[in-house]
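Okay, here's what each chain looks like letter by letter:
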Amino acid sequence: MKPKFYVTTPIYYVNGAPHIGHAYTSIAADVLARWKRLDGFDVFFLTGTDEHGQKVEKAAAAAGLDPRGFADRVAADFRDMADKMGLSHDDFIRTTETRHTATCQELWRRIADNGHIYLGHYEGFYAVRDEAFYDESELTTKPDGTRIAPSGAPVEWVREPSYFFDLSKWQDKLLRFYEENPDFIAPNSRRNEVMSFVRGGLNDLSISRTTFNWGIPVPDAPGHVMYVWLDALTNYLTATGWPDESAERWGFWPADVHLIGKDIIRFHAVYWPAFLMAAGLAPPKRVSSNGWWTVEGEKMSKSLGNVIEPRNLVATYGLDQVRYFFMREKPFGADGSMSHASLVTRINVELANDLGNLAQRSLSLIARNCEGRLPARGEATAEDTALLDAANALPGLVRDKMDRQVFHEALEDVWKVIRAANGYIDRQAPWALKKTDPARMAVVLRVLVDAMRPVAVVLQPFMPRSMANMLDQLGVPVEARDIASLAAPLADGTALPPPSGVFPRHVEEAA
Ligand code: ME8
């Protein structure tokens, strides 16, 4: 039986249109899901939308729609974004689905039955934009007197009856859990941040609201709806079929990795494991958080008018190009800036020149000089062996980087081989060997195909369409494009299709 792997994206608020931040985390999760499938895992990849709470209720009111109708419309837009980004998700969850209500209510009951929920009164600060409670000590005051959360969101004073989760009792258990599971939070800077937050002491958490009703009803407590973060986090459990522990997907729990943005680490790395442990369930294995994208060096915001629509980005530069840029341009956990100039450089230098030309040069020589058939392997020189060894080492190198979500390093490993192959072709000059030593020319071209094959195989998760095209041109059968199949050599004499460019250069449109 294949080992299981469960990866998730955040579920996105349906308060507005998707932007590149959403697309980014989703593409990273897709790259990981595709990689794991390629590497022999049985993968469950989940994405979806977060539809309850005041933030969505307010956005619906502003649009003049009832929350359900509004959520239907925006959720459809997120689904379309997922398709346009080439996501290979196995499920798309919406928190307004009945399966989700059932799971949330059962989780609540288990936590309550275990004695971790009590009724009280909440009085304090709340930021609707973050759907988060804040302690007075965390806030700053603007000159006009408005109180601001660390995220920049304005807060309001809330006073209402509320159920509480006894989070204050979980401090030691959480700290022990982080110590025993050093890989639980990535990157390490976030782990330190979370641990010092927990060491500072935890307050009990308000987990129900009574001043609005766009949420999941608390069982047996008329007037209370669940705090939207308890509802939202539970999506990861709902999709496994829980509480039906005979459901096939329940076998995927605990999740292997939740990919999220750095803004929501506290919810995933503090509240979520505490809720799960309180219900007697296993916490996820890892929470890996990404840094922030800015645009041309500026924070994206509606007021600056620089919010980038991911579908427009794809229409301008191409899907695989955008996916590559996202994964290559900055470390996953770090902040980075997206700019037109950096996109064009990555596309024209790394994709079109380094990789595209390598394939084009090698394959057109085979088309012209080897009757379009894959030449047989020959006696290997030291240079041949060095290139082939480097290429064959890629799956192991990439596996290690993927498991740590250092996608940019995985790509750098691949590009080292591509650059080595370009150096090799220049030095071997097969176009010259054609006259002096045609047998050696054939061997050199075969070495190039054998080196490009693992390159294209491990790049499939990043650029699925372009690499399918490249593998077609390399004569790799469709059913032999996974990591395990790299062990068997390609058949000598395989007829290769006429070569055609894999990556067009990005040409500026005339003004
Ligand atoms: O927080 N750069 O949803 P959300 C990179 N519903 N990533 C960004 C980004 C940026 N500039 N802006 C947003 C929520 N993101 C909750 C999640 S999960 C149980 C509930 C990404 O619509 C990043 O992954 O505000 C962030 O965590 C997510 O979008 C927030 O999306």
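Please refer to the structure placed before this passage.
Residues numbered from 1 in each chain as written. Predicted model: local features only at pLDDT ≥ 70, side-chain atom pairs only at ≥ 80, totals over all residues. Heavy atoms only, no water.

Asks: Which residues make up the overall build of the chain, and what values do they have?
Replies: The number of helices and strands found in the chain is 18 helices and 16 strands. On C-alpha atoms alone, the chain measures out to a radius of gyration of 26 Å, which is about the 24 Å that the 2.2 N^0.38 rule sets for 511 residues. Along the three orthogonal principal directions, the C-alpha set of the chain runs to about 90 × 55 × 40 Å. Taking all 511 residues of the chain together, the buried fraction comes to 58%. Taken as a whole, the chain presents about 20,900 Å² of accessible surface, with 52% of it coming from carbon and sulfur. (Helix = DSSP H or I, 4+ residues; strand = E, 2+ residues; numbered from the N terminus. Rg over C-alpha atoms; globule rule 2.2 N^0.38 Å. Buried < 20%, exposed > 50% of the residue type's maximum accessible area, 1.4 Å probe, protein only. Areas by Shrake-Rupley, 256 points an atom, 1.4 Å probe, with all protein chains shown as cover.)

Asks: Residue-level account of the sheet that holds strand E9 (residues 185–186), with values.
Replies: Across the sheet, which stays open at both edges, the six strands sit in the order E3-E2-E1-E13-E14-E9 with parallel pairing between neighbours. Both edges of this open sheet fall to strand E3 (91–94) and E9, since each of them pairs with a single strand only. Note that strand E2 (residues 42–50) and E3 share four bridges and pair parallel. Residue Leu46 lies in a different strand from E3, and its bridge partner there is Asp91. Running over the sheet, helix H1 (residues 20–38) touches strand E1 (4–13), E2, strand E13 (257–261) and strand E14 (287–290) and is turned about 170° from E1. (Pairing = 2+ DSSP bridges. Contact = heavy atoms within 4.5 Å. Axes fitted to C-alpha atoms, helices over the stretch in contact; angles between N-to-C directions.)

Asks: With reference to specific residues and values, describe the sheet that holds strand E8 (residues 156–165).
Replies: Reading across the sheet, the four strands line up as E5-E4-E8-E10 and stay open at both edges, with antiparallel pairing between neighbours. In this open sheet, the two strands that pair with only one neighbour each are strand E5 (132–134) and strand E10 (205–206). Note: E8 against E10, two bridges, orientation antiparallel. Following the sheet pairing, Phe165 is matched in E10 by Leu205. Contacting E5, E8 and E10, helix H9 (residues 265–278) crosses the sheet at an angle of about 30° to E8.

Asks: Outline the environment of Pro254, listing residues and values.
Replies: Relative to the assigned elements, Pro254 resides in the loop between helix H8 (235–238) and E13. Through-space distance from the C-alpha of Pro254 to that of Pro283 is 6.2 Å; in sequence the pair is 29 residues apart. Apart from residues lying up to four places away in sequence, Pro254 is in contact with Ala282, Pro283, Pro284 and Lys285.

Asks: Outline the packing of aromatic side chains, supporting the account with residue identities and numerical values.
Replies: For the structure shown, the criterion picks out 30 aromatic pairs. A centroid spacing of 6.2 Å and a plane angle of 80° characterise the contact between Trp253 and Trp272, whose relative ring orientation is edge-to-face. Of the two residues, Trp253 is situated in the loop between H8 and E13 and Trp272 in helix H9; the sequence distance between them amounts to 19 residues. Given a relative accessible area of 0%, Trp272 falls into the buried group. An aromatic cluster of three or more residues is present, and its members are Tyr6, Phe44, Tyr236, Phe252, Trp253 and Trp272. A cation over a ring is seen here: Lys4 above Phe252, with NZ or CZ 4.8 Å from the ring centre. Here the basic side chain of Lys173 rests over the ring of Trp170, its NZ or CZ set 4.4 Å away from the ring centre. (Phe/Tyr/Trp six-rings, centres within 6.5 Å; stacked < 30°, edge-to-face > 60°. Lys NZ or Arg CZ within 6 Å of the ring centre and 35° of its normal.)

Asks: Hey, could you go over the pattern of salt bridges for me, with residue numbers and the actual values?
Replies: For the structure shown, the criterion picks out 38 salt bridges. A salt bridge links Asp77 to Arg311; the shortest N-O distance between them is 2.9 Å. Of this pair, Asp77 sits in helix H3 (residues 67–84) while Arg311 sits in helix H10 (residues 310–317), placing them 234 residues apart in sequence. Residue classification places Arg311 among the buried positions, given a relative accessible area of 15%. A salt bridge links Glu160 to Arg209; the shortest N-O distance between them is 2.7 Å. Here the residue Glu160 occupies a position in strand E8, and Arg209 occupies one in strand E11 (residues 208–209), the gap between them amounting to 49 residues. We note that Glu160, like Arg209, is buried. (Salt bridge = Lys/Arg side-chain N within 4 Å of Asp/Glu carboxyl O.)

Asks: Please give an account of the packing of H1 against helix H11 (residues 319–329) that cites residues and values.
Replies: One way to put it is that H1 packs onto H11 with a least axis distance of 10 Å and a crossing angle of 90°. Compared by their axis directions, H1 and H11 come out roughly perpendicular. Residue-level contacts link Ile20, Ala23, Tyr24, Ile27, Ala28, Asp30, Val31 and Arg34 of H1 to Arg323, Phe326 and Met327 of H11. Here the residues of the contact of H1 with H11 sort into eight nonpolar, no polar and three charged. (Parallel < 35°, antiparallel > 145°, perpendicular 65-115°, else oblique. Nonpolar A, V, L, I, M, F, W, Y, C, P; charged D, E, K, R; others polar.)

Asks: Go over the pairing of E13, please, and point to the residues and values.
Replies: Most of E13 is tucked away, with five of its five residues classed as buried. The alternating pattern of E13 places Val257, Leu259 and Gly261 on one face and His258 and Ile260 on the opposite face, and all of these are buried. Bridging between E13 and E14 involves four bridges; their strand directions are parallel. Note on E14: the bridge partner recorded for His258 is Val287. Tracing the backbone out of E13, into H9 and back to the parallel element E14 gives a crossover that is right-handed. (Right-handed = clockwise from strand over helix to strand, strands pointing away.)

Asks: Outline the nonpolar core, supporting the account with residue identities and numerical values.
Replies: Among the nonpolar cores identified, the biggest contains 182 residues, and Tyr178 and Phe326 are the most heavily contacted of them. Here the element with the most residues in this core is helix H17 (residues 438–459); it accounts for 14 residues. Mapping this core onto the domain boundaries places at least three of its residues in each of domain 1 (4–290) and domain 2 (340–487). Those residues within four positions of Tyr178 in sequence are excluded, and the remaining contacts are Phe184, Ile185, Arg191, Val194, Met195, Val198, Ala269 and Val270. (Core = buried A, V, L, I, M, F, W, Y, C linked by side-chain atoms within 4.5 Å. Domains from an automatic or database assignment.)

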